[in-house]
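Residue-level structure breakdown
Residues per chain, in single letters:
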Amino acid sequence: FCLQKRVKETDTYFDGGLYGIKKSGQALRVRKTVDYMTGAEESELNFKGEKIDNISMARAEFETEVRDGDVAMKILEAIGFHKAEPRVVKERWLMSRGDVHACLDEVEGLGSFLELEILVENEEGRPKALARIEEILMSLGYTMKDTTRVSYLGQLQGGNF
């Protein structure tokens, strides 16, 4: 794997109305990122759907850059969402090898994690991607049974989402 960048990510999650992180298993957040290598700062709005299977953290995700993360958060609050505590703050080393993306995360209050990801175009590609991820885990002495399906926010809140 080759290092692509090293960043600090601060995720602020939102709950509200009929929508709820714990109730729905979905997540809405504003992520602020600072790139330690270039000094660049950016923000994005991200929605994560429910988990697709009982093996991985696979889910539909939609995200878009926003010019000002603070303004995006004010908009969400103005339309009835409220900030979910705590914020998730992590140091992240992003690496890649072909179409496999790896993140080494140091999450405040939780510790260190390895996140492996392969983006697929459709549902038919997911089993093959999961098999490749398991091969990588096995080469490191782990299996899918050693992984967690609980998000960083869920772990910080003591939940199972």
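Values in this document were obtained by computation on a predicted structure and should not be read as measured data.

1. Points about the environment of Arg126
- Here Arg126 shows up in helix H3 (residues 126-139).
- For the pair Arg126 and Asp15, spaced 111 residues apart in the sequence, the C-alpha separation amounts to 29 Å.
- Discounting chain neighbours no more than four positions away, the residues touching Arg126 are Ile52, Asp53, Ala58 and Val120.
- In this structure the side chain of Arg126 is engaged in a polar contact, spanning 2.4 Å, whose partner is the side chain of Glu123.

2. A few points about the pairing of strand E5 (residues 82-97)
- By the bridge criterion, 12 bridges tie strand E1 (residues 2-15) to E5 in an arrangement that is antiparallel. Residue Asp15 lies in a different strand from E5, and its bridge partner there is His82.
- Two strands pair when backbone bridges link them, and E5 and strand E6 (residues 100-107) are joined in this way by 8 bridges, in the antiparallel orientation. The partner of Lys90 across the bridge, within E6, is Val107.
- The antiparallel hairpin formed by E5 and E6 contains 2 residues in its connecting segment, where Gly98 sits at a positive phi of about 65 degrees.

3. Looking at H3
- Taking 1.5 Å per residue as the helical rise, H3 with its 14 residues ought to reach 20 Å, and the 20 Å between its terminal C-alpha atoms agrees with that figure.
- Restricting attention to buried positions, one finds in H3 the residues Arg126, Ala129, Leu130, Ile133, Ile136 and Leu137. Looking straight down H3, one finds its buried side chains confined to an arc of 115 degrees; they lie on one side. Exposed residues pointing more than 90 degrees away from the buried face of H3 are listed as Pro127, Lys128, Glu135, Met138 and Ser139.

4. A look at helix H2 (residues 69-78)
- Among the residues making up H2, those that are buried are Gly69, Ala72, Met73 and Leu76. All buried residues of H2 lie within an arc of 100 degrees about the axis, which places them on one face of the element. In H2, the exposed positions that point more than 90 degrees away from the buried face belong to Lys74 and Ala78.
- A distance of 2.9 Å separates the backbone nitrogen of Asp70 from a side-chain oxygen at the start of H2, and that oxygen is part of Asp68.

5. Concerning the packing of aromatic side chains
- Enumeration over the complete set of coordinates arrives at 2 aromatic pairs.
- Arranged with centres 6.4 Å apart and planes meeting at 20 degrees, the rings of Phe47 and Phe62 form a pair that is stacked. Here Phe47, found in strand E3 (residues 41-51), pairs with Phe62, found in strand E4 (residues 59-66); they are 15 residues apart in sequence, far enough to count as distant.
- Among the residues examined, Phe47 registers a relative accessible area of 25% and is labelled partly exposed.
- Using a relative accessible area of 55% as the deciding quantity, one classes Phe62 as exposed.

Parameters and conventions
Residues numbered from 1 in each chain as written. Predicted model: local features only at pLDDT ≥ 70, side-chain atom pairs only at ≥ 80, totals over all residues. Heavy atoms only, no water. Helix = DSSP H or I, 4+ residues; strand = E, 2+ residues; numbered from the N terminus. Contact = heavy atoms within 4.5 Å. Polar contact = N/O pair within 3.5 Å; in protein donor to acceptor, adjacent residues only side chain to side chain. Pairing = 2+ DSSP bridges. Expected span 1.5 Å × (residues − 1). Buried < 20%, exposed > 50% of the residue type's maximum accessible area, 1.4 Å probe, protein only. Arc of directions from axis to C-beta. Phe/Tyr/Trp six-rings, centres within 6.5 Å; stacked < 30°, edge-to-face > 60°.

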